[in-house]
Amino acid sequence: QVQLVESGGGLVQAGGSLRLSCAASGRTGSSYTMGWFRQAPEKEREFVAAIWWSGGTSVYADSVKGRFTISRDNAKATVYLQMNSLKPEDTAVYYCAAGPSTRWFFVTQRTAYDYWGQGTPVTVSS
């Protein structure tokens with residue numbers, strides 16, 4: 001089992017920035033795809049960003065491309081999501097997830113991931 005714990009969420013004004021962190025523990029290894037998803041009230045959980053296990057390749061949802069950056073530090077077993085130019089529509093609970101690298105082709109889908117954190121809330125005021 002792998003445990004994931006998100007942190008760094010909070011309340012910010014539109015145009016501001018936040019950096020989310022996701023720390024992994026348990027039976028961790030470096031060969032995991034790491035992803036970020038978010039879920040707004042009364043909405044389905046949606047893909048935000050993902051990064052390959054070596055950190056050299058990443059994928060972003062169109063809604064956040066150019067504003068958000070995903071990165072990882074395997075030595076610290078931590079993945080980050082830097083969020084800039086935040087908009088009210090970014091308000092949601094943000095979840096990190098881990099899945100085997102063999103499912104990389106499906107990184108935008110929730111079914112590609114085996115482990116999920118509890119989420120950290122982000123609220124962007126207008």
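In the block above lies the structure referred to throughout.
Residues numbered from 1 in each chain as written. Predicted model: local features only at pLDDT ≥ 70, side-chain atom pairs only at ≥ 80, totals over all residues. Heavy atoms only, no water.

Participant: Looking at this structure, I do not really get the packing of aromatic side chains. What am I missing?
Facilitator: The geometry of two aromatic rings is summed up by the distance between their centres and the angle between their planes. Counting across every chain of the model gives eight aromatic pairs. Judged by centre distance (5.6 Å) and plane angle (75°), the ring pair of F37 and F47 falls under edge-to-face. You can see F37 sitting in strand β4 (residues 32-39) and its partner F47 sitting in strand β5 (residues 46-51), a full ten residues away along the chain. Each ring, one from F105 and one from F106, has its centre 5.2 Å from the other, and the planes form 85°; the classification is edge-to-face. Classification of F106 by relative accessible area gives partly exposed; the value is 39%. One aromatic cluster is present, built from ring pairs that chain together F37, F47, Y113 and W116. Across the ring face of Y95, the terminal group of R45 is positioned such that the distance to the ring centre comes to 3.7 Å. Here the basic side chain of R45 rests over the ring of W116, its NZ or CZ set 5.2 Å away from the ring centre. (Phe/Tyr/Trp six-rings, centres within 6.5 Å; stacked < 30°, edge-to-face > 60°. Helix = DSSP H or I, 4+ residues; strand = E, 2+ residues; numbered from the N terminus. Buried < 20%, exposed > 50% of the residue type's maximum accessible area, 1.4 Å probe, protein only. Lys NZ or Arg CZ within 6 Å of the ring centre and 35° of its normal.)

Participant: How should the pattern of salt bridges be read in this particular structure?
Facilitator: For the coordinates displayed, the defined rule picks out five salt bridges. In this structure, D90 engages R67 in a salt bridge whose closest nitrogen and oxygen atoms are separated by 2.8 Å. With a gap of 23 residues between them, D90 in the loop between β8 (78-83) and β9 (92-100) and R67 in the loop between β6 (58-60) and β7 (68-73) connect regions that are remote in the sequence. Across the pair, exposure class does not vary: D90 and R67 are buried alike. (Salt bridge = Lys/Arg side-chain N within 4 Å of Asp/Glu carboxyl O.)

Participant: Help me out: how do you make sense of the sheet that holds strand β1 (residues 2-7) in this one?
Facilitator: Hydrogen bonds between backbone groups are what pair the strands of a sheet, and the pairing can be parallel or antiparallel. Pairing in this open sheet of four strands is antiparallel, and the strands run β1-β3-β8-β7 from one edge to the other. Of all the strands in the sheet, the pair left with one neighbour each is β1 and β7. For this sheet, the mean angle separating the axes of adjacent strands, direction not counted, is 15°. Here six bridges tie strand β3 (residues 18-26) to β8, and the two strands are oriented antiparallel to one another. Looking across to β8, one finds that C22 is bridged to V79. (Pairing = 2+ DSSP bridges. Axes fitted to C-alpha atoms, helices over the stretch in contact; angles between N-to-C directions.)

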